[in-house]
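Fold and contact review
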There are 2 protein chains.
Amino acid sequence: MKKVYVAGVGMTNFGKLNKLGRELALDASIQAINDAQIRPKDIDATYVSNAFGIGEGQIHVGPLINSSLGIPQVPSLTIESACSGSSAAFHEAYVALSSGIHNVALVVGYEKLTMNSTSENTRYFAMASDYWFEGVNGVTFPGLYALMATAHMKKYGTTEEMLGSVAIKNHRNGFYNPKAHFRKMIDMETYRNSAVVSYPLKLYDSCPFSDGAAALILVNEDFIQKNSELVQVLSSVRAGSMAALQDRDDFTGIPGARIAAEKAFKIAKLSPDDVSFAEVHDCFTIAEIMAIEDIGFFRKGEGGKAELEGLTQFDGKKPINPSGGLKAKGHPVSATGIAQIVEIYDQMLFRVDKNRQVQNPQIGLAHNVGTTGGSVSVNIFRRAK
Amino acid sequence: MKKVYVAGVGMTNFGKLNKLGRELALDASIQAINDAQIRPKDIDATYVSNAFGIGEGQIHVGPLINSSLGIPQVPSLTIESACSGSSAAFHEAYVALSSGIHNVALVVGYEKLTMNSTSENTRYFAMASDYWFEGVNGVTFPGLYALMATAHMKKYGTTEEMLGSVAIKNHRNGFYNPKAHFRKMIDMETYRNSAVVSYPLKLYDSCPFSDGAAALILVNEDFIQKNSELVQVLSSVRAGSMAALQDRDDFTGIPGARIAAEKAFKIAKLSPDDVSFAEVHDCFTIAEIMAIEDIGFFRKGEGGKAELEGLTQFDGKKPINPSGGLKAKGHPVSATGIAQIVEIYDQMLFRVDKNRQVQNPQIGLAHNVGTTGGSVSVNIFRRAK
């Protein structure tokens, strides 16, 4: 197995953007190529992630990107894995590079959603659940995560204030992220007074529908240039869970996340305590609380308390979502997994705003969830000393 | 690099089917699991291919399949690469198995299309082209392939009769394939009199919109059971071409197909003459003629003549599409690439109708094209002696 490194990253602003999805994907890709100081012709394969291109009228975007980059001969494909699509694409690139089949890969995730209405987008998203059992019966994602939240509240005494702490922290971090969808701080009163989406989840518990793209260049040890060995991929693991929530015994965590994290730590020969900071999948505030428990940063049932006590602040004991997370940075579905890795890379290169810069970003972890856990990716990164 | 084998295959009928896409995918998967004589829990990863699930209201089908198989923990993802999606999924599984990251993979492609009107499906398909330049200007796939056909006719003197020979041969083979969408033979007069879709391409030059699923179990040398080493994957290569036809110098062939075939032969240490038979991408009759030239079975410009002379018949010098091809077997987009491999496997195990059984199926090649060549896969297989 060859060593694999992130050599450069790129990301558009997240939010409501007046460009086509293919343009966003190309913008982020060019940024990543320039950041990595490679030439397009160095790229052996392009891994694209997108879920809802049908809504825009364009799928099969890899050949468009490669044609625009002047490398039409390079193979590409599009990967969908609900909200974890681009971390799945990252994993496929990692496998090809670690095995030496390719040496340099472009990985890019994008989504264009804001031209749709909220109800259209809610329906699109529901298509990634077990639609014929969940979606058609009216249980869309806010409802599914609300079921998880109430179960967590009942079993562990998790409170509305704990959920609110996640929202307030992530909005604060997003305020200092120039590419974030939402750049405004909120307080507990604003949080409490926001409209209920699906009890107990309110507007400020929920991530937005965003447009955006994120890209990175992945290289293996056979293609090492100046600076390209700064951030190493220690492990990249994917797992799944029972697709429909109704088929699970317990709603207070995500089985696939526990499996993926455990395996990722084993391969990286690390424990949760070794992780300096993490980007986790906070599509709803409860999701962040479950994530930090599933990964093993905090004991089961104690995630909410940790959030309330500030342990997950950017300068806390275990910084979580210094980017602002899906909650504030935004959630352009198939861009999110790569955007998490962009943040880890930028943190490790000390090039983010000092108000969200983690102090000693030695080991970073990215945790990306598709639906309620049907697909989960956990990737662990190390900064070269 | 570990050796990789096809250990078993499964396929639904192709045509208008009264099942959901997810059911078709599961049906084919269970067939493949039984054929390979493995247990679901042997599977390390599931690679799904689908392009138009949005139309049916269900994407992210991997977790549904795995949940139904009792292996919810297993990672899955969905791959789209236009009409070459499932050969792209096959390639991803091949990479993971040859590198030893996984030992056993389920690869399944499916599509559910017949609930849409022809115009809806034509528009869906066009979304895989360079839609904002081709599709929105009214050039859908029949038109794009018609441009390639007229260019080929002008440059090489390819005739309507040569195109017709492809259709007649593939309909004949499909007649003997119990799973084919069309099981009727046609003659040259029927072909000539069929309605023009886009000159020179007529109804009988064109493959249908089909429902269907095809699956296979891929294993590496670390997981060898009885019979599982019968069909070895010698090489699996993907490449691309300029996405839009307008950006190419020449319309008479597919650049990515030539690149992929050349590389696949090099890795397999074989030449086109070594291939016993092939399944190629005949979405339109002209596509088969270009394919057998691009792969190198026949010299450029001589593909049409070879078809007319019967060299590509199941008992000819170079049998092409003994399954009936996309033309007669049908074309459920993201099932097609795997369905080609299903045919190669069944031919190598001598379990197809004697009226289309290739005599000495030692080396088989599968050639699968996305759009007009934006994505191309070439996979080469060897029957164990």
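Residues numbered from 1 in each chain as written. Chains lettered and ligands numbered in written order. Predicted model: local features only at pLDDT ≥ 70, side-chain atom pairs only at ≥ 80, totals over all residues. Heavy atoms only, no water.

Another point: the overall build of chain A. Along its length, chain A carries 13 helices and eleven strands. The globule rule puts the C-alpha radius of gyration for 385 residues at 21 Å, and the 19 Å found for chain A is close to it. In terms of principal-axis extent, the alpha carbons of chain A reach across some 55 × 45 × 40 Å. Burial statistics for chain A: of 385 residues in total, 69% are counted as buried. For chain A, the share of sequence-separated contacts (at least 6 apart) that also reach a separation of at least 24 residues comes to 76%. With the model as given, the accessible surface of chain A reaches about 12400 Å², and the carbon-plus-sulfur share is 50%. Side chains of chain A give 38 positive and 39 negative charges; the mean places of these two sets differ by 4 Å. (Helix = DSSP H or I, 4+ residues; strand = E, 2+ residues; numbered from the N terminus. Rg over C-alpha atoms; globule rule 2.2 N^0.38 Å. Buried < 20%, exposed > 50% of the residue type's maximum accessible area, 1.4 Å probe, protein only. Contact = heavy atoms within 4.5 Å. Areas by Shrake-Rupley, 256 points an atom, 1.4 Å probe, with all protein chains shown as cover. Lys, Arg positive; Asp, Glu negative; His and termini not counted. Charge placed at Lys NZ, Arg CZ, Asp CG, Glu CD.)

Take the side chain of R238 of chain B next. As for its position among the elements, R238 of chain B is in strand β8 (residues 231-239). For the buried R238 of chain B, no salt bridge exists, and the shortest N-O distance to an oppositely charged side chain is 5.3 Å, to E92 of chain B. A polar contact of 2.7 Å, which involves the side chain of R238 of chain B, links it to the backbone oxygen of S76 of chain A. Polar contacts involving the side chain of R238 of chain B include one to the side chain of S81 of chain B, which spans 3.1 Å. Sequence-distant contacts of R238 of chain B, defined by excluding residues within four places in its chain, comprise P75, S76 and L77 of chain A together with S81, S84, A88, H91, S375, V376 and S377 of chain B. (Salt bridge = Lys/Arg side-chain N within 4 Å of Asp/Glu carboxyl O. Polar contact = N/O pair within 3.5 Å; in protein donor to acceptor, adjacent residues only side chain to side chain.)

Contact with chain A, which involves 52 residues of that partner, is made by 52 residues of chain B. Here chain A packs against chain B, burying approximately 4400 Å² in sum over the two surfaces, 61% of which is carbon and sulfur. Together, I54, H60 and W132 of chain A form the three largest contributors to the area buried by chain A at its contact with chain B, with a combined 15%. Remark: the boundary between chain A and chain B carries two salt bridges. Across the salt bridge formed by D130 of chain B and R22 of chain A, the nearest N and O atoms sit 2.8 Å from each other. Across the chain A-chain B interface, the total number found is 26 residue pairs in polar contact (both at pLDDT 80 or more). If you list the elements that add at least two residues to the side of chain A that touches chain B, you get α2 (53-56), α3 (62-68), β3 (76-80), α4 (85-98) and β8 (231-239) of chain A. The residue makeup of the side of chain A that touches chain B, split by class, is 29 nonpolar, 17 polar and six charged. Summarising the sheet, β3 of chain A and strand β3 (residues 76-80) of chain B pair through three bridges and their orientation is antiparallel. In the sheet register, I79 of chain A faces β3 of chain B, and the bridge partner there is I79 of chain B. (Buried area = accessible area lost by both parts, 1.4 Å probe. Nonpolar A, V, L, I, M, F, W, Y, C, P; charged D, E, K, R; others polar. Pairing = 2+ DSSP bridges.)

Keep in mind that these numbers describe shape and distance, not what the molecule does.
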